[in-house]
Amino acid sequence: MAQNSLHLGVAFDGYGWHPQAWRRTLAAEPGAAPVTSGRYWARLAATAERGLLDFLTVDDSFSAQSGRREEIDPRRLAGRADAVLVAARIAPLTHHIGLIPVATVTHTEPFHVSKAIATLDFVSHGRAGWQPRVSPAAHEAASFGRRSAPEGGELFGEAGDFVEVVRRLWDSWEDDAVIRDVATGRYVDRDKLHYIDFTGSHFSVKGPSITPRPPQGQPVIAALAHGQPVYEFADAAADLVFVTPSDEASVREILGQVDAAGGHPKAIADVVVSFSGDSEFRSDALVFEGSATQLVDLLLGWHDLGLAGFRLRPAVNSGDLPVIVDEVVPLLQRAGRFRTGYRDGETLRERFGLPAAVNRYAKAGLS
């Protein structure tokens with residue numbers, strides 16, 4: 001991409017981010033596939049890739065509905081598929097777009113997440129990412145029954161350790177550990193598998209992983225952050241940070257806070273887009289109501305302030321995603337701010353200009 005180009009992705013959750021997206025979808029298309037259908041997700045991914053988008057994210061949580069409420073609202077979409085498995089389902093059906101599912105770190109084990117994301121990276125040929133999420137809700141903890149929900153700083157302290165363990169497990173196999181030498185009968189070089197021997201406040205993990213090092217070495221990690229403590233977590237643990245400004249002043253303020261935390265991850269702004277004119281719903285991100293031209297003006301202005309790019313959240317996937325692909329993207333291309341084609345074989349790390357991931361154990365010569 002050209003130096004002044006911006007990154008553009010899309011965030012998927014159910015039928016869209018509007019609380020009544022399911023009703024609008026089924027009213028327009030009564031036979032629409034359910035959100036647990038592989039066909040539904042494959043169609044979304046194909047449309048997003050047709051728009052040459054950098055990446056898509058698949059939302060997930062330990063609640064049956066969006067938000068943290070325990071009681072299920074019968075008027076809202078309920079039930080979700082596992083985001084990592086959804087990404088694995090659509091990976092063979094796409095060729096270029098990055099795939100970043102949410103996987104919650106609270107109440108789960110880094111060993112399992114590490115091998116799941118590594119597997120996704122193999123299946124997608126180097127297009128995998130991961131968005132860690134914490135779970136502060138008591139009713140979500142009760143679903144596991146092992147402990148109460150962590151509080152305050154403990155949530156992100158544990159999350160930081162979790163990501164560190166995952167990263168170390170990805171490095172626990174060297175890139176050329178699998179040799180498959182028929183002549184000698186050796187399948188793997190044991191000297192190129194490494195114990196990670198991680199001991200922290202929350203985990204004690206010996207390793208190595210059971211999955212070889214993923215094609216990218218380190219798949220791209222993204223964190224959604226709304227305030228300083230989470231910006232600090234993102235700086236220590238992530239490559240991208242999804243932020244939620246509401247205007248130019250808040251863009252400047254947030255970029256200042258990200259810089260104060262270390263300024264390491266690339267800042268990607270979340271914007272909910274509703275081209276139907278229905279913006280009367282609550283969201284942690286700005287809910288944009290207007291035309292494609294007006295949205296592009298907003299994106300270009302915010303990009304000029306220092307944001308690396310944007311993650312657009314369609315209010316209703318079936319209506320808003322085609323506008324993003326068929327109207328917003330061409331306008332960005334005409335402005336010289338977005339690609340006109342993918343580069344064959346480009347990994348997600350390469351697309352974001354991230355350095356090659358050096359294996360910490362191979363470099364140190366440890367065994």
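What counts, and where the lines are drawn
Residues numbered from 1 in each chain as written. Predicted model: local features only at pLDDT ≥ 70, side-chain atom pairs only at ≥ 80, totals over all residues. Heavy atoms only, no water. Axes fitted to C-alpha atoms, helices over the stretch in contact; angles between N-to-C directions. Helix = DSSP H or I, 4+ residues; strand = E, 2+ residues; numbered from the N terminus. Parallel < 35°, antiparallel > 145°, perpendicular 65-115°, else oblique. Left-handed = near helix turned anticlockwise from the far one by under 90°. Contact = heavy atoms within 4.5 Å. Buried < 20%, exposed > 50% of the residue type's maximum accessible area, 1.4 Å probe, protein only. Pairing = 2+ DSSP bridges. Phe/Tyr/Trp six-rings, centres within 6.5 Å; stacked < 30°, edge-to-face > 60°. Lys NZ or Arg CZ within 6 Å of the ring centre and 35° of its normal. UniProt positions renumbered as here; feature names shortened; annotations may be inferred. Polar contact = N/O pair within 3.5 Å; in protein donor to acceptor, adjacent residues only side chain to side chain. Expected span 1.5 Å × (residues − 1). Nonpolar A, V, L, I, M, F, W, Y, C, P; charged D, E, K, R; others polar. Core = buried A, V, L, I, M, F, W, Y, C linked by side-chain atoms within 4.5 Å.

Visitor: Before we go on, may I ask you to explain the packing of helix H4 (residues 110–124) against helix H6 (residues 153–170) in this structure?
Guide: Orientation of H4 relative to H6, taken along the N-to-C sense of each, is 50°, at an axis distance of 9 Å. Comparing their axes, H6 and H4 come out oblique. The handedness of the crossing between H4 and H6 is right-handed. The segment H4 lies against H6, with Pro110, Phe111, Val113, Ser114, Ile117 and Ala118 engaging Phe162, Val165, Val166, Leu169 and Trp170.

Visitor: It is not clear to me how the environment of Lys115 should be interpreted in this structure. Could you clarify?
Guide: Summarising the element assignment, Lys115 is placed in helix H4. Between the C-alpha atoms of Lys115 and Ala267, which are 152 residues apart in sequence, the distance is 27 Å. Ignoring anything within four residues of it in the chain, the contact list for Lys115 reads Ile210 and Thr211.

Visitor: Quick question: what am I supposed to make of the pairing of strand S9 (residues 220–224) here?
Guide: Strand residues, when the strand is regular, have side chains that alternate between the two faces of the sheet. Where burial is concerned, most of S9 is hidden: four out of the five residues are buried. Sheet topology places strand S4 (residues 129–133) next to S9; two bridges connect them, and they run parallel. Considered in S9, the bridge of Gly129 is made with Val220. Across three bridges, S9 lies against strand S10 (residues 240–243) in parallel orientation. Bridging from a neighbouring strand, Ala222 pairs with Leu240 of S10.

Visitor: Hey, could you run me through the packing of aromatic side chains in this one?
Guide: Each aromatic ring pair is described using two quantities: the centre-to-centre distance and the angle formed by the ring planes. Enumeration according to the criterion identifies 10 aromatic pairs in this entry. Here Arg313 stacks its cationic end above the ring of Trp17, 4.6 Å away from the centre of that ring.

Visitor: When you look at the UniProt feature "binding site: FMN" (unreviewed entry) in the protein chain in this model, what are you seeing that I'm missing?
Guide: Here the UniProt feature "binding site: FMN" (unreviewed entry) sits at Asp60. The topology assignment puts Asp60 in the loop between strand S2 (55–58) and helix H3 (83–90). The buried category is assigned to Asp60, whose relative accessible area is 10%. For Asp60, the residues in contact, after removing those within four places along its chain, are Arg80, Ala81, Asp82, Ala83, Val102 and Arg133. At 3.0 Å, the side chain of Asp60 forms a polar contact with the backbone nitrogen of Ala83.

Visitor: For this particular structure, what's the right way to read the environment of Arg349?
Guide: Mapped onto the fold, Arg349 is located in helix H11 (residues 348–351). Along the sequence, Arg349 and Gly126 sit 223 residues apart, while their C-alpha atoms lie 8.2 Å from each other. Excluding anything up to four places from it in sequence, Arg349 contacts Gln216, Gln218, Val220, Asp239, Leu354, Pro355 and Ala357.

Visitor: Sorry if this is basic, but what is going on with helix H2 (residues 38–50) here?
Guide: Residue pairs three or four apart in sequence face the same way in an α-helix, which turns once every 3.6 residues. With 13 residues, H2 should cover 18 Å at 1.5 Å per step; its first-to-last C-alpha distance of 18 Å lies within 8% of that length. Those residues of H2 that fall on the buried side of the exposure criterion are Tyr40, Trp41, Ala42, Leu44, Ala45, Thr47, Ala48 and Glu49. Looking at the buried positions of H2, the neighbouring elements they touch are strand S1 (7–12), S2, H3 and helix H10 (317–334). Between the side-chain oxygen of the N-cap and the backbone nitrogen of Arg39 there are 3.1 Å, and the N-cap of H2 in question is Ser37. Leu52, located one to two residues past H2, shows a positive phi value of around 60°.

Visitor: How should the pairing of strand S5 (residues 178–181) be read in this particular structure?
Guide: Bridging between S5 and strand S6 (residues 186–188) involves two bridges; their strand directions are antiparallel. Bridge pairing links Asp181 to Arg186 in S6. Adjacent in sequence and paired antiparallel, S5 and S6 are bridged by four residues, among which Gly185 carries a positive phi angle near 75°.

Visitor: Help me understand the packing of H2 against H3 in this model?
Guide: The description of two packed helices rests on the angle between their axes and on the distance between the axes. As a packed pair, H2 and H3 sit with axes 9 Å apart at the nearest point and diverge in direction by 65°. With respect to H3, the axis of H2 lies roughly perpendicular. Crossing of H2 over H3 shows right-handed handedness. Where H2 approaches H3, its residues Gly38, Trp41, Ala42 and Ala45 are matched on the opposing element by Val86, Arg89 and Ile90. Residue classes in the contact of H2 with H3 are distributed as five nonpolar, one polar and one charged.

Visitor: Would you mind going over the nonpolar core with me for this structure?
Guide: If you look at soluble globular proteins, the nonpolar side chains tend to sit buried side by side. Counting 88 residues, the largest nonpolar core has Leu8, Leu56, Trp130, Leu307, Phe310 and Leu312 as its most contacted members. For this core, the element with the highest residue contribution is H6, accounting for eight residues. Apart from the residues lying within four places of it in its own chain, the contact partners of Leu56 are Val10, Phe12, Ala45, Ile90, Ile97, Gly98, Leu99 and Ile100. Grouped together as the second largest cluster of nonpolar side chains are 11 residues, Phe55, Ile100, Ala308 and Phe352 included.

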